[in-house]
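What the coordinates show
Below, each chain spelled out in residue letters.
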Amino acid sequence: MENTFKLLPFHRLESSISYFRPRQQLPDRVRLTSPALDSMTDLRQIAPLMVSLTTPLDMALERMIKSAVRLLLVTDADGKIQGVITSRDIHGDKPMKILEKTGGTFKDLQVGDLMTLKSKLEVLQMGDVLRAKVGDIIVTLKQVDRQHAIVIDNDPYTGEPAVRGIFSLAQIGRHLGLDISPGQRPTTFTEFDWALEHRRDEEK
C-alpha cells in the first residue's frame, strides 16, 4: 500500500485562522417582477442565526447588529425551533410593558420574554414562493404589516416541515436598490414606499 499511495505533507497553523462559512449568492439587484427566490435567504445555502430562550435580550440585539440582521430563530435546549425574535420586538413597547409588571431593567430580560412563539407564527409555503415574484412578497408583508416572513418546506430527509427560508423587507429593499437604512430600527412601509417611488422618479 505504501508503494501505491503518497504521503501528504502536514503544515503548522498560522496564529490566527478562521473557517469557511456558507454564503448564498443572491443577485446584487432584483426587480419587482424577479422570482421571489432571488430575495429569499435560503437556509439550505447559509447557516441560520439562532439564539436560545435564555439568551439575554441585550446579547440578542448585539448579535443582530453584528450580523446585520433583524430576525433570529429561537431554539430550545434540543435545538428545536420555538419561535422568532425580531428587532421590532426589542425596539417596540414590549420590553417596557414587561418591566412595568415585573420590575428590573432591560438587562434582566431574556429572549423568551419577548419572542413570538411558533404557535403564533404564520408562515409561507415553499410551493407558493416558487411561483411568486418579489412584488408578491412585498404586498404580502405589507398586508399583514410585517417585516419578515418565514418560509416552510418539507425536509427531504425526514419528510417533516422545516424552516427553509426567510424574507426580510429591508433585504428586499436593498436588492431593489432602495436607500434603506442599515440601522436595526425596523423599516416602515411608509419609508419603503417613499424609497420605491423616489427610485421610480429617478428612472423616468
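Not measured: the values here are computed from a predicted model. (Residues numbered from 1 in each chain as written. Predicted model: local features only at pLDDT ≥ 70, side-chain atom pairs only at ≥ 80, totals over all residues. Heavy atoms only, no water.)

To continue, consider the overall build of the protein chain. The helix and strand tally for the protein chain stands at eight helices and eight strands. Scored against the burial criterion, the 204 residues of the protein chain give a buried share of 35%. Summarising the internal contacts of the protein chain: among those between residues at least 6 apart in sequence, 58% fall at separations of at least 24. Total accessible area computed for the protein chain in this model is approximately 13900 Å², and 53% of it derives from carbon and sulfur atoms. (Helix = DSSP H or I, 4+ residues; strand = E, 2+ residues; numbered from the N terminus. Buried < 20%, exposed > 50% of the residue type's maximum accessible area, 1.4 Å probe, protein only. Contact = heavy atoms within 4.5 Å. Areas by Shrake-Rupley, 256 points an atom, 1.4 Å probe, with all protein chains shown as cover.)

Counting 17 residues, the largest nonpolar core has Val129, Ile137, Phe167 and Ile172 as the members making the most contacts within it. Of all elements in the fold, only α5 (126-130), α6 (134-144), β7 (148-154) and α7 (169-175) reach the threshold of two or more residues within this core. The greatest single-element share of this core, amounting to four residues, is contributed by α6. When residues no more than four places from it in sequence are discounted, the contact partners of Phe167 are Ala36, Ser39, Met40, Leu124, Val129, Ile137, Gln147, His148, Ala149, Val151 and Ile172. Core analysis: the second largest hydrophobic core is formed by 14 residues, Val51, Ala60, Leu61 and Val111 among them. (Core = buried A, V, L, I, M, F, W, Y, C linked by side-chain atoms within 4.5 Å.)

A separate point is the sheet that holds β7. The mixed open sheet is built from four strands, whose spatial order is β1-β8-β7-β6. On the outer flanks of this sheet lie β1 (41-42) and β6 (124-125), each paired with one strand and no other. Here seven bridges tie β7 to strand β8 (residues 161-168), and the two strands are oriented antiparallel to one another. Within the sheet, the bridge partner assigned to Ile152 lies in β8 and is Val163. (Pairing = 2+ DSSP bridges.)

Attention shifts here to the sheet that holds strand β2 (residues 50-52). If you trace the four strands from one edge of the open sheet to the other, you get β2-β3-β4-β5, paired in mixed fashion. Each edge of the sheet is formed by a strand with only one pairing partner; in this case those strands are β2 and β5 (116-117). Strand direction decides the pairing type here: β2 and strand β3 (residues 71-75), joined by three bridges, are parallel. The residue of β3 that forms the bridge with Ser52 is Thr75.

What α6 keeps buried is the set Val134, Gly135, Ile137, Ile138 and Leu141. Here the buried residues of α6 occupy an arc of 160 degrees about the axis, which is enough to place them on one side. More than 90 degrees from the buried face of α6, the exposed residues found are Val139 and Gln143. Taken from the residues just after α6, Asp145 is the one with a positive phi, measuring 55 degrees. (Arc of directions from axis to C-beta.)

Here we take up the environment of Gly177. Within the secondary structure, Gly177 sits in the loop between α7 and α8 (189-203). Accessibility expressed as a relative area gives 30% for Gly177, which makes it partly exposed. As a C-alpha pair, Gly177 and Arg29 span 148 residues in sequence and 6.4 Å in three-dimensional space.

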